[in-house]
Amino acid sequence: MKPEVCSNSISVLDNVEAIRMIDKGNMGLMISSFPTLLKEAVTLSRNLALPREYRNIKEVVICGMGGSAIGGELFKDLSQSIIPLRVSVIRDYDLPRHVDESSLVVAVSYSGNTEETLESFKQAYERGSRMIAIASNGLLEKACSKLKIPFLGVPSGYTPRSALPLLFIPLLKVAEEIGFPLVGEGELAKAHRLVEEYNYKLTPENPLSRNPAKQLAARLNEKLPIIYSMGHLKSVALRYKDQINENAKMRAMCDQLPEANHNEVEAWEKIDFKELLHVVFIDSRFKNPYLAESINQLISAIEKEGVGLSMVKPLGETMLEEMLSAIILGDWVSYYLAILRGVDPAPVRLISDLKKKHDEKTRYSEKFEEWLGKSAKSN
Ligand code: F6R
């Protein structure tokens, strides 16, 4: 039997034709669309206007799963030092008890059909929360139209994870609409230029010798990546892990500092399989100065054990630029890891099968439609 995953030599990274043959689902094209999608998302977001009463809220709750939740995590990290409201991301069915009529619930699902997100949307509606949804179509769109809930439709045709700009940038507009502008259009345009320029360096046409994404993928090849980050880049470390999981179908771990210094650090004392590990630090110019010192200590502990270590120094002058430049690098790294493993990055067979079989068993979408019919009548 032919093995499904074969290990290619590093030289495949400079063979554009071979890359194209492995990438049957065109993930490379989707990743290189990231800067274009950023621009498109800014334009789309201009259409988003929320009722005045949405300003008077106690918290923002973003509901979503997987590739649709990560935009919420980025928003949460970015807003922390600016918005004087609690921002939480719910990646689950049930909303926490504190969510009520003075909460703003933002349901995000690229397909518009994810069970967990639909269920928290339904709970938010029943609790009388102020709501908005973002999706490319599906039941979420239908529900918003029937229940007269503000809805932002985004273009379909991407995988949810590669549609990240379309799902994240509108959240910045939501913040503006509720009275907390986080990032102006000027800053967004500057970030877009940076990401566009950086993206050229990372594409398959740029050889390994000059391509930081290929270089990092080569170091991570056949290793277990352990990704650390901090502050507003915590969500970016999670994005790296998720992208490596979904694109390269490979295991990865992520942790955040300083918390890791209070538990995970102990695992650096007596390391099993050290030759199989590779640590990636996503650094930030905005980190707390006290944290800088404890990172140095952690790095020394890892280096003393002879474990491979790579530093990612995100580009840019603002938190947003750091986030976006680190993401585009990580997305390409996950892509090249897939290529090295001979795996088609786009399809996520296990996720799709799981969703399909699950819905056949629970018939959740049917039940949601029934609920929608009743709720629309009494609306
Ligand atoms: C990402 C991906 C998954 C989905 C998740 C939720 O490409 O395939 O992580 O994002 O299963 O689905 P959606 O985003 O449609 O709500």
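Residues numbered from 1 in each chain as written. Predicted model: local features only at pLDDT ≥ 70, side-chain atom pairs only at ≥ 80, totals over all residues. Heavy atoms only, no water.

1. Focus on the pattern of salt bridges
Applying the stated criterion across every chain, the model contains 20 salt bridges. For Arg 20, the salt bridge goes to Glu 17, with nearest N and O atoms at 3.3 Å. Taken as a pair, Arg 20 and Glu 17 lie in helix α1 (residues 16–22) at a separation of three residues, close to a single helical turn. Judged by relative accessible area, Glu 17 falls into the partly exposed class, the value being 46%. (Salt bridge = Lys/Arg side-chain N within 4 Å of Asp/Glu carboxyl O. Helix = DSSP H or I, 4+ residues; strand = E, 2+ residues; numbered from the N terminus. Buried < 20%, exposed > 50% of the residue type's maximum accessible area, 1.4 Å probe, protein only.)

2. Quick look at the pairing of strand β3 (residues 103–109)
Across the seven residues of β3, seven count as buried, placing the element largely inside the fold. Residues of β3 alternate between two faces, with Ser 103, Val 105, Ala 107 and Ser 109 on one and Leu 104, Val 106 and Val 108 on the opposite face, all of them buried. Of the strand pairs in this sheet, strand β1 (residues 59–63) and β3 are connected by five bridges, and their pairing is parallel. In the strand pairing of β3, Ile 62 is matched with Val 106. Bridge count between β3 and strand β4 (residues 130–135): six bridges; the pairing is parallel. Its bridge partner being in β4, Val 106 is matched across the sheet by Ile 132. Since β3 and β4 lie parallel, the crossover through helix α5 (residues 115–126) that links them has a hand, and here it is right-handed. (Pairing = 2+ DSSP bridges. Right-handed = clockwise from strand over helix to strand, strands pointing away.)

3. Details of the site of the ligand
Taken together, 14 residues sit near the ligand, with Ser 68, Ser 109, Ser 111, Thr 114 and Lys 355 positioned nearest. Here an oxygen atom of the ligand sits 2.7 Å away from a polar atom, N or O, in the side chain of Ser 111. For the ligand, whose unbound accessible area comes to 400 Å², protein coverage reaches 94%. Of the residues belonging to the shell around the ligand, the class tally is five nonpolar, six polar and three charged. (Near = heavy atom within 4 Å. Polar contact = N/O pair within 3.5 Å; in protein donor to acceptor, adjacent residues only side chain to side chain. Areas by Shrake-Rupley, 256 points an atom, 1.4 Å probe, with all protein chains shown as cover. Nonpolar A, V, L, I, M, F, W, Y, C, P; charged D, E, K, R; others polar.)

4. What to know about the environment of Ser 109
Its location among the elements puts Ser 109 in strand β3. Under the relative-accessibility criterion, Ser 109 is labelled buried at 2%. Sequence separation between Ser 109 and Ile 227 is 118 residues; the distance between their C-alpha atoms is 26 Å. For Ser 109, the contacting residues outside a window of four places in its chain are Ser 68, Thr 114, Thr 117, Ile 134, Ala 135, Ser 136 and Leu 140. (Contact = heavy atoms within 4.5 Å.)

5. Here we look at unusual backbone geometry
Along the chain, Leu 257 connects to Pro 258 via a cis peptide bond; the corresponding omega equals 5 degrees. Residues other than glycine seldom take positive phi values, yet Glu 222 does so here, at roughly 65 degrees. The class for Glu 222 is exposed, based on a relative accessible area of 56%.

6. Points about the packing of aromatic side chains
Considering all chains together, one arrives at eight aromatic pairs under this definition. Where Phe 121 meets Phe 368, the ring centres are 6.4 Å apart and the plane angle is 55 degrees; that geometry is what we call tilted. Of the two residues, Phe 121 sits in helix α5 while Phe 368 sits in helix α14 (residues 364–377), which places them 247 residues apart along the sequence. Each of the two residues, Phe 121 as well as Phe 368, counts as buried. An aromatic cluster of at least three residues, connected via ring pairs, comprises Phe 121, Tyr 125, Tyr 364, Phe 368 and Trp 371. (Phe/Tyr/Trp six-rings, centres within 6.5 Å; stacked < 30°, edge-to-face > 60°.)

7. Re the sheet that holds strand β7 (residues 253–257)
A sheet is described by the order of its strands in space; here four strands give the open sequence β7-β6-β8-β9, paired in parallel fashion. Across the chains shown, the open sheet's two edge strands, defined by having one partner strand only, are β7 and β9 (308–312). Taking each pair of neighbouring strands and ignoring which way they run, the sheet shows an average axis angle of 20 degrees. Two strands pair when backbone bridges link them, and strand β6 (residues 224–230) and strand β8 (residues 277–282) are joined in this way by five bridges, in the parallel orientation. (Axes fitted to C-alpha atoms, helices over the stretch in contact; angles between N-to-C directions.)

8. Examining the packing of helix α4 (residues 70–79) against helix α10 (residues 234–248)
Between α4 and α10, the least distance of the axes is 8 Å, while the angle of their chain directions is 160 degrees. For the element pair α4 / α10, the angle class is roughly antiparallel. Here α4 and α10 pass one another in a crossing that is left-handed. Residues Ile 70, Glu 73, Leu 74 and Asp 77 of α4 pack against Lys 234, Ser 235, Val 236, Leu 238, Arg 239 and Asp 242 of α10. Among the residues making up the contact of α4 with α10, the classes are represented as four nonpolar, one polar and five charged. (Parallel < 35°, antiparallel > 145°, perpendicular 65-115°, else oblique. Left-handed = near helix turned anticlockwise from the far one by under 90°.)

9. Focus on the nonpolar core
Judged by nonpolar contacts, the single largest core of 86 residues is most densely connected at Val 60, Phe 75, Val 106, Phe 168, Leu 172, Val 236 and Ile 282. When residues are assigned to domains, this core turns out to be shared by domain 1 (8–26 + 201–341) and domain 2 (51–177), each giving three or more. Setting aside chain neighbours within four positions, we find Phe 75 in contact with Val 60, Ile 62, Ile 83, Val 87, Phe 168, Leu 171, Leu 172, Ala 175 and Leu 182. Ranked by size, the runner-up nonpolar core spans 23 residues in total, among them Ile 90, Val 105, Ala 135 and Leu 372. (Core = buried A, V, L, I, M, F, W, Y, C linked by side-chain atoms within 4.5 Å. Domains from an automatic or database assignment.)

10. As for the pairing of β6
The buried fraction of β6 is high, at six of seven residues. Examined bridge by bridge, β6 and β7 share five bridges and lie parallel to one another. Its bridge partner lying in β7, Tyr 228 is registered against Asp 255. Regarding topology, α10 serves as the crossover connection from β6 to the parallel β7, and that connection is right-handed.

11. Points about the side chain of Thr 159
Relative to the elements of secondary structure, Thr 159 occurs in the loop between β5 (151–153) and α7 (164–177). Relative accessible area serves as the criterion here: at 12%, Thr 159 is assigned to the buried category. A distance of 2.6 Å separates a polar atom in the side chain of Thr 159 from a polar atom in the side chain of Ser 162. Contacts of Thr 159, omitting those with residues within four sequence positions, involve Met 27, Met 30, Tyr 110 and Ala 346.

What is shown is where atoms sit, not what they do.
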